[in-house]
There are 2 protein chains.
Amino acid sequence: MKKTILRKYARLIAEAGVNVQKGQEVFILAGLDQPEFVRMVAEECYKLGAERVVVDWDYQPLSLVDNKYCSVETLGTLTGYQKARWEHYVEKIPCRIYLDSDDPDGLRGADQDKMLKAQQMRYPLVKGYRDQLENKYQWCIAAVPGSAWAKKLFPELTKHQAVEKLWEAILSTSRVTEDPVEAWRAHNADLHDRCAYLNSLGIAELHYTASDGTDFNVGMIPEAEFKGGGDTSLQGIFFNPNIPTEECFISPMRGKAEGIVYASMPLSREGQLIENFMIRFHEGKAVEWHAEKNESLLTNIITADEGAAYLGECALVPYDSPIRKSGLLFYNTLFDENAACHLALGMGFADTIRGFENKSLEECRALGINDSMIHVDFMIGTEDLNIDAVTRDGKTVPVFRNGNWAF
Amino acid sequence: MKKTILRKYARLIAEAGVNVQKGQEVFILAGLDQPEFVRMVAEECYKLGAERVVVDWDYQPLSLVDNKYCSVETLGTLTGYQKARWEHYVEKIPCRIYLDSDDPDGLRGADQDKMLKAQQMRYPLVKGYRDQLENKYQWCIAAVPGSAWAKKLFPELTKHQAVEKLWEAILSTSRVTEDPVEAWRAHNADLHDRCAYLNSLGIAELHYTASDGTDFNVGMIPEAEFKGGGDTSLQGIFFNPNIPTEECFISPMRGKAEGIVYASMPLSREGQLIENFMIRFHEGKAVEWHAEKNESLLTNIITADEGAAYLGECALVPYDSPIRKSGLLFYNTLFDENAACHLALGMGFADTIRGFENKSLEECRALGINDSMIHVDFMIGTEDLNIDAVTRDGKTVPVFRNGNWAF
């Protein structure tokens, strides 16, 4: 890929993505696949005045080796220097950039049970720090092509060709145009207007129907609001947490979901695809589920902890989103969740509560925001999906018709 | 390179190199160049019973970016989580593996002055931890080819060919034979016998002469002894700190060096070559030096701190060493120092003092071991170098004749 366009993308991530402020620290987590691009991002952060940029490199095959040879205790504990890292984050509130290039099949063959147990051990150790950081810092997830990921999408091409093709797909769906920062300003304005309209309706519940059999109601938290595109940290800094993003999303009321949803796309999980699955909800909880393929992985998700069976997110994405129109299944949530309407099992977002900045996490959860160590998106948007909003004053307002915005 | 031979090399590093003990932690520092090999090394460490293997990846071009944009204060301080890392090393005494693949020119263009100032600021912060770790842990430096490094040696080859050729050079000079662990056992026995002979002589000083003009005397510490090949940590674990190694080395008496030495090979430093240089010593100290090329870099070394002008090491390496015979200048000290006799400016090795395990560092330094934040080797071995030992009882014993062992 040409250096000039990569430089624009690096700038987009540093300026519109995390919006580095003078004197801030930046931590970048990246795979080994595109080191020269990672260097460019670091450089753009410095040009915006970063005091220090630290890159943590991640090599997925090592996680497999660790998973094979380490004990659950070793994988599930935090060493002193890992705790010191978290303490540093809490103290300094640095920007965090995640440059995802993972092979969707990279964890195939891992001991899932061990992985889950270690995650369950680690979660409470990390939770205190995470809660202290929530909504305080600017972060951004963006993608760069890894060769294994690229070959998964384009198996017929050479490695080099596949990587170039995935670069093209990433850059076009991420709106890396002549002036990407301006393109993102305009895109944010559109998402902002749609959220404002939805929030003006006073929605009590959303009702989803589609020809695949989806017939589903989900209740809203009166204090919650739709959000989309950029976000503002508690320190008052605007940033774009996801590049790309196409969704208007909200966290629904824990305990208020009834009916059946059918997945419209496979769910890529731990190197495998969960395919053709449905989930039935009763009183907010997943009570029945089936998958034609890899049902046990779906069961692992839903039973990971007590909150994993409840919903954390409802996201509205038009069927004619650029990502769906690319015709690609990216095997990567950052992209695939922006191809279609989706729900997420697990953790909800406290910052969807109006005035969350003056509330504690516990207060937000008491209002109905779900809590869990997982947050797993799955797609339910189809070309004939209809969604109606039932408002608190009893009106029915069309929100989606035939897979796209009705307004 | 074939996976079977790489697997043998990985095993050599884990078993003969650091000699991982059951339940030990291992920290690997590696460039991004050969991740699959790094994974193999991690795996071999686990097979030997490592409890946890942590890989820290290093990408040299980022150091250049940091050097350009960070303040000396930022580069020269230790953050809390970096201190916590050092505390972890002191507490757990893990094995340390360094897989060097750096581009010898990778730091070209850096602000040398800033780099030196940051290093001078950092050194006292790290020194306390380093002193506590000295001789306690098993460590091993070995090399893997980076493509920039390979192209430096073989500019006429394609990148892929150059990397293969450098793999061959590394593997053959590192004695990665059919049974490398056994080859290293035999090699260690030879180095051990030569050191035992040298130590039996009671050497008061070594006298170097060669046709290039070298005429140089260096005094020995009566309590010091020649060491070579594998070493034993204070915890009693045998390990091989350098792969490859061909030298019998000793730390000379600080303050006792007289005469002139001429470098027989260029010194690769911070991406540049210091060429055709000489150093004159008086009362142990470098008092005059000249280089045809990059003299200022030599000056930076010698004036880095007070101890940098004194010697920390005298190493004896035959002119027919496999590395010299390969005909390659590796632009890497690990190899080039094993091509010929060399001296090192800066820090000496306290563990060359007999019974050092029952002495404090301060006691070793009081006996004549030099202290400095630097340790820079430079080659003086030529094909007509003669070295005589003058013993404490007044005899003269030939040690080297015509560049090779005289015994």
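Colleague: I tried to follow helix H5 (residues 80–92) of chain A on my own but got confused; where do I start?
Modeller: Three or four residues apart is the spacing at which side chains of an α-helix point the same way, because the helix has 3.6 residues per turn. Residues and elements named next belong to chain A. Its 13 residues place the ends of H5 18 Å apart at the C-alpha level, agreeing with the 18 Å of an ideal helix rising 1.5 Å per residue. Here H5 has its buried residues at Tyr81, Ala84, Arg85, Trp86, His88 and Tyr89. Directly beyond the C-terminal end of H5, a positive phi value near 50 degrees is found at isoleucine 93.

Colleague: Please clarify how the packing of aromatic side chains should be interpreted in this entry.
Modeller: We describe a pair of aromatic rings using the distance from one ring centre to the other and the angle between the two ring planes. If you walk through the whole model with that rule in mind, you get 38 aromatic pairs over all chains. Pairing A:Tyr69 with B:Tyr46 gives two aromatic rings, centres 5.3 Å apart and planes at 5 degrees, and the pair type is stacked. Of this pair, A:Tyr69 sits in helix H3 (residues 60–69) while B:Tyr46 sits in helix H2 (residues 35–47), which puts the two residues in different chains. By relative accessible area, which is 26% here, A:Tyr69 ends up partly exposed. A ring pair is formed by B:Trp86 and B:Tyr129, whose centres lie 6.0 Å apart and whose planes are at 15 degrees; its orientation type is stacked. Of this pair, B:Trp86 sits in helix H5 (residues 80–92) while B:Tyr129 sits in helix H6 (residues 112–133), and the two are 43 residues apart along the sequence. Of the two residues, B:Trp86 and B:Tyr129, both sit in the buried class.

Colleague: For this particular structure, what's the right way to read the interface of chain A and chain B?
Modeller: By a widespread convention, an interface's size corresponds to the accessible area lost as its parts come together. Counting from both sides, the interface comprises 31 residues of chain A and, opposite them, 31 residues of chain B. Of the roughly 2900 Å² buried between chain A and chain B, counting both surfaces, carbon and sulfur atoms make up 67%. On the surface where chain A and chain B come into contact, there are 0 salt bridges. Taken together, the links from chain A to chain B amount to 4 residue pairs in polar contact (both at pLDDT 80 or more). For the side of chain A that touches chain B, the secondary structure elements donating two or more residues are helix H2 (35–47), strand E2 (52–58), H3 and H5 of chain A.

Colleague: Would you take a moment to explain the confidence of the model for chain A for this structure?
Modeller: In low-pLDDT segments, the atomic positions of the prediction should not be examined closely. Here chain A averages 95 in pLDDT, while 100% of its residues score no lower than 70. Confidence estimates for the predicted assembly give a pTM of 0.87 and an ipTM of 0.86.

Colleague: How should I be thinking about the pattern of salt bridges in this particular structure?
Modeller: Between side chains of opposite charge, a pair can form as their charged atoms come close. Applying the stated criterion to the full structure yields 50 salt bridges over all chains. Ionic pairing is found between A:Arg11 and A:Glu44, a salt bridge with its closest N-O pair at 3.1 Å. Placement of A:Arg11 in helix H1 (residues 3–17) and of A:Glu44 in helix H2 is noted, with a sequence separation of 33 residues between them. For A:Arg11, a relative accessible area of 28% translates into the label partly exposed. A salt bridge links B:Lys127 to B:Asp371; the shortest N-O distance between them is 3.4 Å. Of the two residues, B:Lys127 is situated in helix H6 and B:Asp371 in the loop between helix H13 (361–367) and strand E17 (375–379); the sequence distance between them amounts to 244 residues. With a relative accessible area of 26%, B:Asp371 lands in the partly exposed category. Three or more residues joined by partner-sharing salt bridges are found here, namely A:Arg7, A:Arg11, A:Glu15, A:Arg39, A:Glu43, A:Glu44 and A:Lys47.

Cut-offs and rules
Residues numbered from 1 in each chain as written. Chains lettered and ligands numbered in written order. Predicted model: local features only at pLDDT ≥ 70, side-chain atom pairs only at ≥ 80, totals over all residues. Heavy atoms only, no water. Helix = DSSP H or I, 4+ residues; strand = E, 2+ residues; numbered from the N terminus. Expected span 1.5 Å × (residues − 1). Buried < 20%, exposed > 50% of the residue type's maximum accessible area, 1.4 Å probe, protein only. Phe/Tyr/Trp six-rings, centres within 6.5 Å; stacked < 30°, edge-to-face > 60°. Contact = heavy atoms within 4.5 Å. Buried area = accessible area lost by both parts, 1.4 Å probe. Salt bridge = Lys/Arg side-chain N within 4 Å of Asp/Glu carboxyl O. Polar contact = N/O pair within 3.5 Å; in protein donor to acceptor, adjacent residues only side chain to side chain. pLDDT = per-residue confidence, 0-100.

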